[in-house]
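Understanding the architecture of this molecule
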Amino acid sequence: MRPALREDAAIIAEIHVAAWKIAYRGQLPDEFLDELQVEERTKAWNDLLEGPGSTLLAEDEHRAVTGFCQILQSRDQDADHTVAEVPFIYVRPSSWRIGVGRSLCESALRLAEQAGFETVTLWVLESNKGARRFYESMGFHLDGASRSEDRPGFRMNELRYRHALD
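Calculation rules
- Each chain carries its own residue numbering, running from 1 in the written order of its sequence.
- Given that this is a predicted model, residues contribute local features only at a pLDDT of at least 70 and side-chain atom pairs are listed and counted only at 80 or more, while totals for whole chains, interfaces and linings are drawn from all residues.
- The basis for every side-chain value is the complete set of non-hydrogen atoms in the structure, without hydrogens or water.
- Buried means the residue's accessible area, taken with a 1.4 Å probe over protein chains only, is under 20% of the maximum for its type, while exposed means over 50%, and partly exposed covers the values in between.
- Only DSSP runs of H or I with at least four residues qualify as helices, and only runs of E with at least two residues qualify as strands; both kinds are numbered from the N terminus onward.
- Relevant arc is that of directions from the helix axis to the C-beta atoms, nothing else.
- Only heavy atoms matter for contacts: two residues are in contact if any of them lie within 4.5 Å across the pair.

Turning our eyes to something else, we now look at helix α5 (residues 129-137). Of the positions making up α5, those classed as buried are A131, R132 and Y135. The buried residues of α5 occupy an angular sector of 100° when the element is viewed end-on, so they sit on one face. For α5, exposure combined with an orientation more than 90 degrees from the buried face picks out K129 and R133. Lining the buried residues of α5 we find β4 (83-91), β5 (119-125), β6 (141-151) and β7 (154-164).

Right under this line is the structure:
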């Protein structure tokens, strides 16, 4: 595990797009997923890496990046300064189900605790049953909050999960 650098934006974007195209197939419209571009995500990640929070990268034994996550102070209106948020946690599809996501999530929780946060939240697509099971196995639970975002031609419905830190 290592902190992401600005020069990692392209590899983060590549993983981000690849994960979305596979993980959300059947949950979001194919047209939307097919139009996702690494170049656009790279621009966004250049900005995100300069912004608040910490982005962590998981690497394999060859130092190839296999996944990433970000932790920052929660952006939710009902959160105070004690609440952190994981807005992103994605793993390269070829590295799914070998512990990369678990390692990233554990690292994010440790980082949040070290930074003095008491709680970590994250949002997940309501339809993403696999991710929901994963977060529940990591000790997250639904906290009753939900949100919807209208996109051209579809709506994204998300549920918020919460994890109390020790």
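So, about the environment of G67. As for its position among the elements, G67 is in strand β3 (residues 65-73). The buried category is assigned to G67, whose relative accessible area is 0%. For the pair G67 and G130, spaced 63 residues apart in sequence, the C-alpha separation works out to 17 Å. Ignoring any residue separated from it by four or fewer positions in sequence, one finds G67 in contact with I15, L56, L57, A58, Y90, V91, R92, V100 and L104.

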